[in-house]
Amino acid sequence: GAGVSQSPSNKVTEKGKDVELRCDPISGHTALYWYRQSLGQGLEFLIYFQGNSAPDKSGLPSDRFSAERTGGSVSTLTIQRTQQEDSAVYLCASSLVAGYISGNTIYFGEGSWLTVV
Amino acid sequence: QQPVQSPQAVILREGEDAVINCSSSKALYSVHWYRQKHGEAPVFLMILLKGGEQMRHEKISASFNEKKQQSSLYLTASQLSYSGTYFCGTEIRGSNFGNEKLTFGTGTRLTIIP
């Protein structure tokens, strides 16, 4: 696609429910990243993929969070048993080359706005 | 390992200049600057790769100091379109996967008033 596409753009869910957030990276981009942005906060790293593998999952806040990527393309971030503190914008990004990102531009999607009530 | 940005917020009149700083406690491979407008995706501005390097995007320029632990973003003759939150993203040397992702600062909110 022309840019990084994320869905849903907005999601309101009840506390305790599971949610899935989808990211479709730019075609041909091998690296895919998930970040979280809470209201007025910076960009918090969650996980990144090289192809279908996730070398670095260090940013996932708890075992309620998981992510997968299939076919080297689409990725899904799943949050189980959502809590109110999970409310945030979840941003997906992609870049052409995985590893050693020097010189590689990372392109962001517009994010999925998650509200847990 | 998160870089520190300063100031946290700045208000300028159109045409004024500003400097935003990004400092890391660790040496860096590169610094990437982004601007994010409210409700939109962060948009890439520029990458700095080499110590002493300076880059430019329109009337916005940036430097990367020789020790490669600090970068500054210079906004000259600011325009209304410059309003937004500016983030530096750092690629960190010497840590597992530090060079395979960007670690972002907390952002600097810039408001330009007519």
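Residues numbered from 1 in each chain as written. Chains lettered and ligands numbered in written order. Predicted model: local features only at pLDDT ≥ 70, side-chain atom pairs only at ≥ 80, totals over all residues. Heavy atoms only, no water.

Caption draft 1: Up close: the state of the cysteines. Evaluation of the coordinates by the stated rule reveals 2 disulfides over all chains. Between the sulfur atoms of A:C23 and its disulfide partner A:C92 the distance amounts to 1.9 Å. Judged by the torsion about the S-S bond (-70°), the A:C23/A:C92 disulfide is left-handed. One end of the pair, A:C23, is in strand β3 (residues 19-24); the other, A:C92, is in strand β9 (residues 88-95), with 69 residues separating them in the sequence. Note on cysteine connectivity: B:C22 is disulfide-linked to B:C88, with sulfurs 2.1 Å apart. Judged by the torsion about the S-S bond (75°), the B:C22/B:C88 disulfide is right-handed. Of this pair, B:C22 sits in strand β3 (residues 18-23) while B:C88 sits in strand β9 (residues 84-92), and the two are 66 residues apart along the sequence. Given a relative accessible area of 1%, B:C22 falls into the buried group. Take B:C88: its relative accessible area is 0%, and that puts it in the buried class. (Disulfide = S-S within 2.5 Å. Helix = DSSP H or I, 4+ residues; strand = E, 2+ residues; numbered from the N terminus. Buried < 20%, exposed > 50% of the residue type's maximum accessible area, 1.4 Å probe, protein only.)

Caption draft 2: Summary view of the sheet that holds strand β7 (residues 60-64) of chain B. Residues and elements named next belong to chain B. Overall, antiparallel pairing links the 5 strands, which are arranged β1-β3-β8-β7-β6 in an open sheet. Each of the sheet's edge strands pairs with one partner strand only, and the pair in question is β1 (4-6) and β6 (54-57). Each strand axis lies, on average, 15° off the axis of its neighbour in the sheet, ignoring direction. Here β6 pairs with β7 via 4 bridges, running antiparallel. Counted as the bridge partner of H57 is I60 from β7. (Pairing = 2+ DSSP bridges. Axes fitted to C-alpha atoms, helices over the stretch in contact; angles between N-to-C directions.)

Caption draft 3: How the structure looks around the nonpolar core. Membership of the largest hydrophobic core comes to 22 residues, with the highest contact counts inside it found for B:W33, B:M46, B:L73, B:L75, B:Y86 and B:L110. Elements supplying a minimum of two residues to this core: β2 (9-13), β3, β4 (28-36), β5 (43-48), β7, β8 (70-75), β9 and β11 (108-113) of chain B. Core analysis: the next-biggest nonpolar cluster, separate from the first, contains 19 residues, A:I26, A:L77, A:A88 and A:L114 among them. (Core = buried A, V, L, I, M, F, W, Y, C linked by side-chain atoms within 4.5 Å.)

Caption draft 4: Expanded view of the packing of aromatic side chains. All chains considered together, the criterion is met by 8 aromatic pairs over all chains. With 5.3 Å between their ring centres and 80° between their planes, A:Y35 and B:F104 make a pair best called edge-to-face. Of this pair, A:Y35 sits in strand β4 (residues 31-37) while B:F104 is found in strand β10 (residues 103-104), placing the two residues in two different chains. Here A:Y35 matches B:F104 in class, with each residue buried. Taken together, the aromatic side chains of A:Y35, A:F45, A:F108, B:Y34, B:F44 and B:F104 make up a single cluster linked through ring pairs. Directly above the aromatic system of A:F45 lies the positively charged group of B:K101, at a separation of 4.6 Å from the ring centroid. (Phe/Tyr/Trp six-rings, centres within 6.5 Å; stacked < 30°, edge-to-face > 60°. Lys NZ or Arg CZ within 6 Å of the ring centre and 35° of its normal.)

Caption draft 5: Examining the sheet that holds strand β1 (residues 5-7) of chain A more closely. Residue and element names in this part refer to chain A. In space, the 4 strands of this open sheet follow the order β1-β3-β8-β7, with antiparallel pairing throughout. Edge positions in the open sheet fall to β1 and β7 (65-69), since each of these has one partner strand only. Strand after strand, the sheet turns through a mean of 15° between neighbouring axes, direction not considered. As defined by bridge partners, β3 adjoins strand β8 (residues 75-79) across 5 bridges and the pair is classed as antiparallel. The residue bridging R22 from the neighbouring strand is T76, located in β8.

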